[in-house]
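# Secondary and tertiary structure notes
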Amino acid sequence: MADIRIDVGVLEFTARWEANAPVSRAWLLNRLPLEGTLLQARWSGEAGWSRLGANLRLEPENATTRPGPGQILLYAGDVSEPELLIPYGACAFAYQGGPLRGNHVVTLDQAPHELRTLGEILQSKGAQSLRITSC
């Protein structure tokens, strides 16, 4: 059963919380519904990213630089701005200065091939609305 729903433009995804990121989960859960814009990632490969715009610092928990498709990362470190990263394919999380480690906080329920549509839309149509809500 899904924990959260993620709408990106006309696409709908369901997802579940990751148990190994309790602080990140609590931070994100307390901000739902969360609305923003999802853009094609600049440095991380096949992923969309969304600025969180919050003055936020979280310690690494369940952190990775190489998330798989559908493994959503929350980054709130000290070398780049707070953001969410939603990989839809091959991804190496980074900023212009090098690699980043983001907290794997949510995993989409959809199969990797289903996420390819997300990438096609971001690349062909540009920025998309993003809304994350509890189920």
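## Here's the deal with the overall build of the protein
Scanning the protein from terminus to terminus reveals two helices and eleven strands. Taken along its principal axes, the extent of the C-alpha atoms in the protein is 35 × 35 × 25 Å. Residues counted as buried form 50% of the 135 residues belonging to the protein. Counting 12 positive and 14 negative side-chain charges, the protein places the averaged centre of each group 3 Å from the other.

## What about helix H2 (residues 112-125)?
The end-to-end C-alpha distance of H2, which contains 14 residues, comes to 20 Å, matching closely the 20 Å that a straight helix rising 1.5 Å per residue would cover. Where H2 is concerned, the buried positions are Leu115, Leu118, Gly119, Ile121 and Leu122. The buried side chains of H2 occupy one side of the element, clustering within an arc of 160° when seen end-on. Opposite the buried face of H2, at more than 90 degrees from it, the exposed residues are His113, Glu120, Gln123, Ser124 and Lys125. The positive-phi residue at the C-terminal boundary of H2 is Gly126, with phi of around 85°.

## A short note on the packing of aromatic side chains
Per the stated rule, a full pass over the model turns up one aromatic pair. For the ring pair Tyr75 and Phe93, a centre distance of 5.9 Å and an interplane angle of 75° mean the geometry is edge-to-face. On the criterion of sequence distance, the pair formed by Tyr75 in strand E6 (residues 71-75) and Phe93 in the loop between strand E7 (83-91) and strand E8 (94-95) is long-range, its members being 18 residues apart. Classification of Tyr75 as buried rests on a relative accessible area of 6%.

Rules used throughout
- Residues numbered from 1 in each chain as written.
- Predicted model: local features only at pLDDT ≥ 70, side-chain atom pairs only at ≥ 80, totals over all residues.
- Heavy atoms only, no water.
- Helix = DSSP H or I, 4+ residues; strand = E, 2+ residues; numbered from the N terminus.
- Buried < 20%, exposed > 50% of the residue type's maximum accessible area, 1.4 Å probe, protein only.
- Lys, Arg positive; Asp, Glu negative; His and termini not counted.
- Charge placed at Lys NZ, Arg CZ, Asp CG, Glu CD.
- Expected span 1.5 Å × (residues − 1).
- Arc of directions from axis to C-beta.
- Phe/Tyr/Trp six-rings, centres within 6.5 Å; stacked < 30°, edge-to-face > 60°.

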